[in-house]
Structures are given as C-alpha cells and as structure tokens.
Amino acid sequence: MTPPRHRVIVRTEAEADLGDAAVWYEQKEPGLGRQFLVEIETAIVGAAENPFRYPCLRRKPEVRRVLLKRFPYRVFFIRRSDAIVVFRVLHGARHDREWRGNLPKD
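In this text, all values refer to a predicted model and were calculated from it rather than measured experimentally.

Undergrad: Would you mind going over the packing of aromatic side chains in detail, with residue names and values included?
TA: In this structure the tally under the stated criterion is eight aromatic pairs. Geometrically, the ring pair formed by Trp 24 and Tyr 25 is edge-to-face, given 5.1 Å between the ring centres and 80 degrees between the ring planes. Judged by relative accessible area, Trp 24 falls into the partly exposed class, the value being 47%. On the basis of relative accessibility, which here comes to 8%, the residue Tyr 25 falls in the buried class. Judged by centre distance (5.0 Å) and plane angle (65 degrees), the rings of Phe 36 and Tyr 73 are edge-to-face. Linking Phe 36 in helix α2 (residues 32–49) with Tyr 73 in strand β4 (residues 73–79), this pair joins segments that are 37 residues apart in sequence. Exposure remark for Tyr 73: the relative accessible area of 12% places this residue in the buried category. Here the aromatic cluster, defined as three or more aromatic residues joined through ring pairs, consists of Trp 24, Tyr 25, Phe 36, Phe 71 and Tyr 73.

Undergrad: A description of the sheet that holds strand β1 (residues 7–10) should follow, citing residues and the corresponding values.
TA: Ordered by their spatial adjacency, five strands build an open sheet running β1-β5-β4-β3-β2, and the pairing between neighbours is mixed. Edge positions in the open sheet fall to β1 and β2 (56–58), since each of these has one partner strand only. Direction aside, neighbouring strands of the sheet carry axes that sit 35 degrees apart on average. With two bridges joining them, β2 and strand β3 (residues 63–67) adopt antiparallel strand pairing. Across the sheet, residue Arg 58 finds its bridge partner in β3, namely Val 63.

Undergrad: Would you mind going over the pattern of salt bridges in detail, with residue names and values included?
TA: When charged atoms on two side chains of opposite charge get close, those side chains can pair. Inspection of every chain in the model, using the stated rule, returns four salt bridges. Residue Asp 17 is joined to Arg 88 by a salt bridge in which the shortest nitrogen-to-oxygen separation is 2.7 Å. Here the residue Asp 17 occupies a position in helix α1 (residues 12–28), and Arg 88 occupies one in strand β5 (residues 83–91), the gap between them amounting to 71 residues. Among the residues examined, Asp 17 registers a relative accessible area of 12% and is labelled buried. Between Arg 79 and Glu 62 there is a salt bridge whose closest N-O contact spans 2.7 Å. One end of the pair, Arg 79, is in strand β4; the other, Glu 62, is in the loop between β2 and β3, and 17 residues separate them in sequence. In this structure Arg 79 comes out as partly exposed when scored by relative accessible area, which is 23%.

Analysis parameters
- Residues numbered from 1 in each chain as written.
- Predicted model: local features only at pLDDT ≥ 70, side-chain atom pairs only at ≥ 80, totals over all residues.
- Heavy atoms only, no water.
- Phe/Tyr/Trp six-rings, centres within 6.5 Å; stacked < 30°, edge-to-face > 60°.
- Buried < 20%, exposed > 50% of the residue type's maximum accessible area, 1.4 Å probe, protein only.
- Helix = DSSP H or I, 4+ residues; strand = E, 2+ residues; numbered from the N terminus.
- Pairing = 2+ DSSP bridges.
- Axes fitted to C-alpha atoms, helices over the stretch in contact; angles between N-to-C directions.
- Salt bridge = Lys/Arg side-chain N within 4 Å of Asp/Glu carboxyl O.

Right, dumping it as structure tokens:
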C-alpha cells in the first residue's frame, strides 16, 4: 500500500523564489529554466508522496528540506497532517536565516 499523498500548498515567497531562479536559468541557456522547474516539480511531488524521506530541520513547525539533484537549490516545506507547505526555494549558497525568517505563521 502506498502512503497517502499530501496536498501541496506553495506560498507566495516560494513562487517568487522559483520565478526568479527559472528566469535566471532561462537567460543563461534557453530551455534550462523549464528544466529547473521540472526538477522542482519532481522534488515537490516526492515530498508530497513521502515527506518523511527528507531530513527534519526543525520540530515545531516541522520543517523538512529536499535537495535538488541537478541544480544547487533546496526546497523547504512544512509537513502538516493533510498537506505540505512549500515556503522557500533557495540556492545552496544562501544562508539558513533566509528560510528561518520566513516560516509561515498559519
């Protein structure tokens, strides 16, 4: 039996992170921005299918992180009983205070 898939909520801050990175990659090489977004989608789907496969960085709220394979980005999400909330997507060189300062209040 496969685990239930969680609903996915993507916060405004994460959408902005994704858009900025996709535009940057697309400017570097046509099609690369789309490839970045496909890998992001794969990471988010994996988190929704089994959030426990990713390391827990904080307990309350329960923050977990997915590392992308091809691109140096990290997807940060909060696991809830019925959903995962993607709240930041950050380049690996960005400091952890970037996501810690953006934890959703709800």
